[in-house]
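# A look at the structure
Next come the chains, spelled out residue by residue.
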Amino acid sequence: MKASNLPVDEARLWSDLMALAQITEPNRPYTRRSFTPLFLEGRAWLKQRFESAGLTTRIDAGGNLIGRRPGAKPASGTIVIGSHSDTVPSGGRFDGTAGVLAALEVARALDERGQVLDHDLEVIDCLAEEVSAFGLSCVGSRAIAGGLSADMLAYVGPDGERLGDALRRVGGDPSRLAEAKRSDIAAFLELHIEQGPLLESEGTDIGIVETIAGITRLELTITGRADHAGTTPMHLRRDALLAAAAMVSAVRDLARDISDRGAGYFVATVGEMHVEPNAANVVPGSVRLVIDARAERHATMEDFVARLRKTMPDVAARNGAELSAIATLSDVLPARGDAALCEALAQAADSLGLTHRRMASGAGHDAMHFSRIAPAAMVFTPCRGGRSHCPEEWAEPGELAAGAAAIFGAILAIDRGAVKNERG
Ligand code: HGY
Ligand code: MN
Ligand code: MN
């Protein structure tokens, strides 16, 4: 339903979104991969918008762009709102960016309405929420939560650069990560498009996220033998890609078996694969593939990984290759929305005449990491056909403004002390 007289400027939010969307790789819109020059161009644009909204900006040691407005009683702590501005390759215009720009719009609206908060207020564009070229996601929000480890900083990207060096290149500082870890956050709120079909199919205005599925990413290396594609008889081949293909369908079968057994929400995908030497006339010598698994319950994920480790070596051997390595790239536990913050969002929605429902998220978000160090909650807004991580991703201006307005209302409630979250 189209709510009227929202406390945020729908047109201004939409104009920001469409302006930032123009900063993309021209031949595969919408692509603004973290750590790239285009990402930094988007950052520079965001910094200018933050500052024209009266926020003082900085890049913290974790590479996050932070816009800050001091409160009247700084001892109250900091209310943080934000998301991420990096995209997947050929992604959409709203995943992440809607949350960053809605946060900026909320900050402007609070200011324009003379709402002086007791709490400090921060708008944050978190670095590299999407799986980066280094194989790691949520780089900036991990740093804020104190979870960006030295091992992770040693991850190497496709052109040989270490993550720690890339972090420095975008303004972070791996030697000062202890300073990036926060203990002052009173509440973290994130607006995000649902990236699923539920809200649109029901005609519900906003979703209030109670749980975010845990994510485990594993890198499997399959070793065969590179040979001449024209002279090597079929029965003598050790084709790593053939084995990898069998493993991809085995992952799918295992995921279906687990999700059909009612062990809570579970999905697994192989969306990334690198073939060596990747030449038409060479029998593939080796393959590196990444499994992305999501589970509502961590016990289900543990079961998946145990069964995977047990069965995959045989799948490789049956297809003439060897599973030579399984590396855990990341392993993030499921996260919960703070009950009191969720209730504050529901009450804000009610007061605006917005319909809302509680729901789970199969997508990962920066809020997962903030939830380890502070009360955190998310607002979902509908997206057309539930499509995301593709150029067809679409959201309506009024839907995004409604989500931003709910956050606006929840912030006022938090600031006046009307929200007693689980951390007391
Ligand atoms: O992959 C995810 O769940 C998120 O879109 N980064
Ligand atoms: Mn995404
Ligand atoms: Mn996202």
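What follows is about the overall build of the protein. Regarding its fold elements, the protein presents 13 helices and 15 strands. The C-alpha atoms of the protein give 22 Å as radius of gyration, which agrees with the globular expectation for 424 residues (22 Å, within 12%). Counting only C-alpha atoms, the protein reaches 75 × 45 × 40 Å along its principal axes. Looking at the protein as a whole, 57% of its 424 residues are labelled buried. Within the protein, contacts between residues at least 6 apart in sequence are counted, and of these 79% link residues at least 24 apart. For the protein, the exposed surface amounts to about 16,900 Å²; the carbon and sulfur share of it is 52%. Of the charged side chains in the protein, 45 are positive and 56 negative, and the gap between their average positions amounts to 2 Å.

The next point concerns the environment of Gly285. Relative to the assigned elements, Gly285 resides in the loop between β10 (282-283) and β11 (286-295). Distance from Gly285 to Leu341, taken between C-alpha atoms, is 52 Å for residues 56 residues apart in sequence. Leave out the neighbours within four places in its chain, and Gly285 touches Ile222, Thr223, Gly224, Arg225, Ala226, Ala240, Glu276 and Pro277.

Time to look at empty space enclosed by the protein. For the structure shown, the criterion picks out two cavities of 30 Å³ or more. There is about 60 Å³ of room inside the largest cavity. Lining the largest cavity, in full, are Val209, Glu210, Thr211, Ile212, Ala335, Arg336, Gly337, Ala367, Ser371, Ala376, Ala377 and Met378. For the lining of the largest cavity, the secondary-structure elements that each account for two or more residues are β6 (206-212), β13 (335-336) and β15 (376-381). No other element matches the four residues that β6 contributes to the lining of the largest cavity. By volume, the second largest cavity is sized at about 50 Å³. Forming the boundary of the second largest cavity are Ala21, Ile23, Thr24, Tyr30, Thr31, Arg32, Thr87, Gly92, Arg93 and Thr97. Class assignment of the residues belonging to the lining of the second largest cavity gives a composition of three nonpolar, five polar and two charged.

So, on to the sheet that holds strand β7 (residues 214-223). Spatial ordering of the open sheet is given by β9-β11-β7-β12, a layout of four strands whose pairing is antiparallel. Looking at strand neighbours, the two that pair on one side only are β9 (266-276) and β12 (322-332), the edges of this open sheet. Strand after strand, the sheet turns through a mean of 15° between neighbouring axes, direction not considered. In this sheet, β11 lies alongside β7 in antiparallel orientation, the contact comprising 10 bridges. Looking at β11, one finds that Thr221 is bridged to Arg288. Each of β7, β9, β11 and β12 is contacted by helix α9 (residues 240-260), which is oriented at about 175° to β9, the strand it contacts most.

Right, let's talk about the coordination of the manganese ion (ligand 2) for a bit. In the first shell of the manganese ion (ligand 2), the protein supplies Asp95 (OD), Glu130 (OE) and His389 (NE2), at 2.1 Å from the metal. Of note, the manganese ion (ligand 2) draws all its donor residues from one chain, in the sequence arrangement D-x34-E-x258-H. Between the manganese ion (ligand 2) and the manganese ion (ligand 3) the interatomic distance amounts to 3.4 Å, and Asp95 serves as a bridging ligand to the pair. Within this pair, whereas Glu130 is found in the loop between β4 (120-126) and α4 (139-145), its partner His389 is found in the loop between β15 and α13 (397-415), the two being separated by 259 residues in sequence. Here Glu130 falls in the buried class, since its relative accessible area comes to 7%.

Moving on, we get to the packing of helix α1 (residues 10-21) against helix α2 (residues 37-52). It is the contact of α1 with α2, at a shortest axis distance of 10 Å, that shows an interaxial angle of 155°. Comparing their axes, α2 and α1 come out roughly antiparallel. As for how α1 packs across α2, the hand of that crossing is right-handed. Across the interface between the two elements, Asp16, Ala19 and Leu20 from α1 touch Gly42, Trp45, Leu46 and Arg49 from α2. Looking at side-chain class alone, the contact of α1 with α2 contains four nonpolar, one polar and two charged residues.

Before going further, it helps to spend a moment on the site of ligand 1. Taken together, Asp95, Glu129, Glu130, Gln195, Arg217, Arg294, Ala363, Gly364 and His389 make up the full set of residues near ligand 1. Interatomic distance of 2.7 Å between a backbone N/O atom of Gly364 and an oxygen atom of ligand 1.

The manganese ion (ligand 3) binds to the protein through His84 (NE2), Asp95 (OD) and His192 (NE2), with metal-donor distances spanning 2.1 to 2.2 Å. One chain supplies every donor to the manganese ion (ligand 3), and in sequence these donors are spaced H-x10-D-x96-H.

What the rule picks out here adds up to 32 salt bridges. Between Arg49 and Asp16 there is a salt bridge, with the nearest N and O atoms lying 2.8 Å from each other. Separated by 33 residues along the polypeptide, Arg49 in helix α2 and Asp16 in helix α1 bring together distant segments of the chain. Note that Arg217 is salt-bridged to Asp292, the shortest N-O span being 2.9 Å. Remark: Asp292 occurs in strand β11 and Arg217 occurs in strand β7; sequence separation between them is 75 residues. Given a relative accessible area of 7%, Arg217 falls into the buried group. Its relative accessible area of 16% is what places Asp292 among the buried residues. It is possible to trace a salt-bridge network through shared partners that takes in Arg12, Asp16, Arg49, Glu105, Arg108 and Glu112.

Bringing the nonpolar core into the picture now. By size, the foremost hydrophobic cluster in this structure holds 63 residues, and its most contacted members are Phe94, Leu189, Leu400 and Ile411. Other than its neighbours up to four places away in sequence, Ile411 contacts Ile79, Ile81, Val106, Leu110, Leu117, Leu121 and Leu189. Ranked by size, the runner-up nonpolar core spans 30 residues in total, among them Ala244, Val251, Phe304 and Val305.

Scoring rules and cut-offs
- Residues numbered from 1 in each chain as written.
- Chains lettered and ligands numbered in written order.
- Predicted model: local features only at pLDDT ≥ 70, side-chain atom pairs only at ≥ 80, totals over all residues.
- Heavy atoms only, no water.
- Helix = DSSP H or I, 4+ residues; strand = E, 2+ residues; numbered from the N terminus.
- Rg over C-alpha atoms; globule rule 2.2 N^0.38 Å.
- Buried < 20%, exposed > 50% of the residue type's maximum accessible area, 1.4 Å probe, protein only.
- Contact = heavy atoms within 4.5 Å.
- Areas by Shrake-Rupley, 256 points an atom, 1.4 Å probe, with all protein chains shown as cover.
- Lys, Arg positive; Asp, Glu negative; His and termini not counted.
- Charge placed at Lys NZ, Arg CZ, Asp CG, Glu CD.
- 1 Å grid on protein atoms, 1.4 Å probe; cavity = no way out; pocket = protein on both sides within 12 Å on 5 of 7 lines; lining within 4 Å.
- Points joined across faces, edges and corners; volume = space filled by probe spheres on them.
- Nonpolar A, V, L, I, M, F, W, Y, C, P; charged D, E, K, R; others polar.
- Pairing = 2+ DSSP bridges.
- Axes fitted to C-alpha atoms, helices over the stretch in contact; angles between N-to-C directions.
- Donors = N, O, S within 2.8 Å, 3.2 Å for Na, K, Ca; no water.
- Parallel < 35°, antiparallel > 145°, perpendicular 65-115°, else oblique.
- Left-handed = near helix turned anticlockwise from the far one by under 90°.
- Near = heavy atom within 4 Å.
- Polar contact = N/O pair within 3.5 Å; in protein donor to acceptor, adjacent residues only side chain to side chain.
- Salt bridge = Lys/Arg side-chain N within 4 Å of Asp/Glu carboxyl O.
- Core = buried A, V, L, I, M, F, W, Y, C linked by side-chain atoms within 4.5 Å.

Honestly, that's just the spatial picture; any functional story needs more than this.
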